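# Commentary on secondary and tertiary structure
The residues making up each chain are set out below.
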Amino acid sequence: MFALRYTLEKAVNVHGIVFGDNNVIIAAPVISLKGFNDISEIVNIAKEKGIHILEIRYDYLLMENKDLSPSNILLQLNNLGFPYIFTFRSPREGGVYEIPDHLRLKMILDIIVKYKPTILDVELYVFKDPEMRYYASSILKYSKDEGIGLIVSYHDFNNTPDYDTLYRIGEEEAAVGADILKIATMARDFSDIITMLRVTHDLRAKLRKPLITLTMGERGKVGRVLTPIFGSDLVFVDLMGKSASGQIPLSHMLDFVRIMGEL
Ligand SMILES: O=C1C[C@@](O)(C(=O)O)C[C@@H](O)[C@@H]1O
């Protein structure tokens, strides 16, 4: 329990993952299957350590094994009933697998139709580019029809844009139909963190929607622990390898959540 958190008057439940109440959702990206026989071993670790949801970083997993079949992971996760975010990140926003957008989006669409992940993460620019309209609207419609939580996300791995730009990005994410807004930027200095905290607070206060905000990089670690207090619902932790810089090890984040809960 995060006693000081800015919460929503009505929490939003996506297949048992609750956004907007006093609890912060702890997510662990899966970027490699090396050393594991299958995903069930990772699920066991996640359960044991108190992870609420895994993030399947499909771009990383394809880099590791180009012949990877989604059924090896997603079917098993579905059978195990463990929640997951499905992310096939674009190389434009930190993805590691080079692939043209239309192919990537076609694969995402095929995968969500077949496996129905708990939550899907797709970049905002996909919803704004007229050339991707077909995929964007199909992904949106299918997610709504099937109750898949849709994260619409924005990442800047170099900078933190100014307050107005970030606020507008949050509004655009909501306007294109996001269930969950997400903004991740590189913090170059502490003023970037202050900007992100203000945006987090204001988007939460005005839009009243599930929200994930974070800052990356060494300094960004400070933003990663503070944004949940100002209204971000989920933190990404390093359970078995970082998918982005500044991710905090799970045990530290759990300590922080415990301390905040005692204030
Ligand atoms: O977008 C995000 C946030 C993230 O980049 C981070 O910095 O923790 C990690 C990614 O795996 C996830 O998709």
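Residues numbered from 1 in each chain as written. Predicted model: local features only at pLDDT ≥ 70, side-chain atom pairs only at ≥ 80, totals over all residues. Heavy atoms only, no water.

Moving on, we come to the pattern of salt bridges. Inspection of every chain in the model, using the stated rule, returns 17 salt bridges. Between arginine 204 and aspartate 233 there is a salt bridge; the shortest N-O distance is 3.0 Å. In this pair, arginine 204 is assigned in helix H8 (residues 190-207) and aspartate 233 in the loop between helix H9 (220-230) and strand E10 (234-238), connecting sequence segments 29 residues apart. By relative accessible area, arginine 204 is classed as buried at 2%. For aspartate 233, a relative accessible area of 0% corresponds to the buried category. Between arginine 258 and aspartate 255 there is a salt bridge, with the nearest N and O atoms lying 3.8 Å from each other. With arginine 258 and aspartate 255 both in helix H10 (residues 250-262) and three residues apart, this pair spans about one turn of that helix. Classification of aspartate 255 by relative accessible area gives partly exposed; the value is 38%. Within this structure, Arg89, Asp101, Arg104, Asp121, Glu123 and Lys182 form a network of salt bridges that share partners. (Salt bridge = Lys/Arg side-chain N within 4 Å of Asp/Glu carboxyl O. Helix = DSSP H or I, 4+ residues; strand = E, 2+ residues; numbered from the N terminus. Buried < 20%, exposed > 50% of the residue type's maximum accessible area, 1.4 Å probe, protein only.)

Turning our eyes to something else, we now look at the UniProt feature "binding site: 3-dehydroquinate" (unreviewed entry) in the protein chain. Following the UniProt record, one finds the feature "binding site: 3-dehydroquinate" (unreviewed entry) at Glu55, Ile56, Arg57, Arg89, Arg224, Ser243 and Gln247. For arginine 57, the location among the structural elements is in strand E4 (residues 53-57). Look at arginine 57 and you get buried, because its relative accessible area is 6%. Each residue touching arginine 57, except ones within four places of it in the same chain, is listed here: Pro29, Val30, Ile31, Thr87, Arg89, Gly94, Gly95 and Ser243. Polar side-chain contacts of arginine 57 include one of 2.8 Å to the side chain of aspartate 59. For arginine 89, the position within the fold is in the loop between strand E5 (84-87) and helix H4 (101-115). Given a relative accessible area of 2%, arginine 89 falls into the buried group. Polar side-chain contacts of arginine 89 include one of 3.0 Å to the side chain of glutamate 123. (UniProt positions renumbered as here; feature names shortened; annotations may be inferred. Contact = heavy atoms within 4.5 Å. Polar contact = N/O pair within 3.5 Å; in protein donor to acceptor, adjacent residues only side chain to side chain.)

Turning our attention to unusual backbone geometry. Despite not being glycine, lysine 116 shows a phi value in the positive range, around 45 degrees. Inspection of the secondary structure assignment puts lysine 116 in the loop between H4 and strand E6 (119-123). On the basis of relative accessibility, which here comes to 37%, the residue lysine 116 falls in the partly exposed class. Here the phi dihedral of arginine 208 falls at roughly 55 degrees; this positive angle occurs in a residue that is not glycine.

With 14 residues, helix H6 (residues 133-146) should reach 20 Å at 1.5 Å per residue; the first-to-last C-alpha distance of 20 Å fits that figure. Of all the positions in H6, only Tyr135, Ala136, Ser138, Ile139, Tyr142 and Ser143 are classed as buried. Along the long axis of H6, the arc covered by the buried residues comes to 165 degrees, so they all point the same way. In H6, the exposed positions that point more than 90 degrees away from the buried face belong to Arg133, Tyr134, Lys141 and Asp145. Downstream of H6 by one or two residues, glycine 147 has phi in the positive range, about 70 degrees. (Expected span 1.5 Å × (residues − 1). Arc of directions from axis to C-beta.)

Surveying the vicinity of the ligand reveals 13 residues, the closest of which are Glu55, Lys182, Arg224, Ser243 and Gln247. Serine 243 has a polar side-chain atom sitting 2.7 Å from an oxygen atom of the ligand. Out of a free accessible area of 320 Å², the ligand has 99% covered by protein chains. Elements supplying a minimum of two residues to the shell around the ligand: E4 and strand E9 (211-216). Considering only residue class, the shell around the ligand consists of five nonpolar, three polar and five charged. (Near = heavy atom within 4 Å. Areas by Shrake-Rupley, 256 points an atom, 1.4 Å probe, with all protein chains shown as cover. Nonpolar A, V, L, I, M, F, W, Y, C, P; charged D, E, K, R; others polar.)

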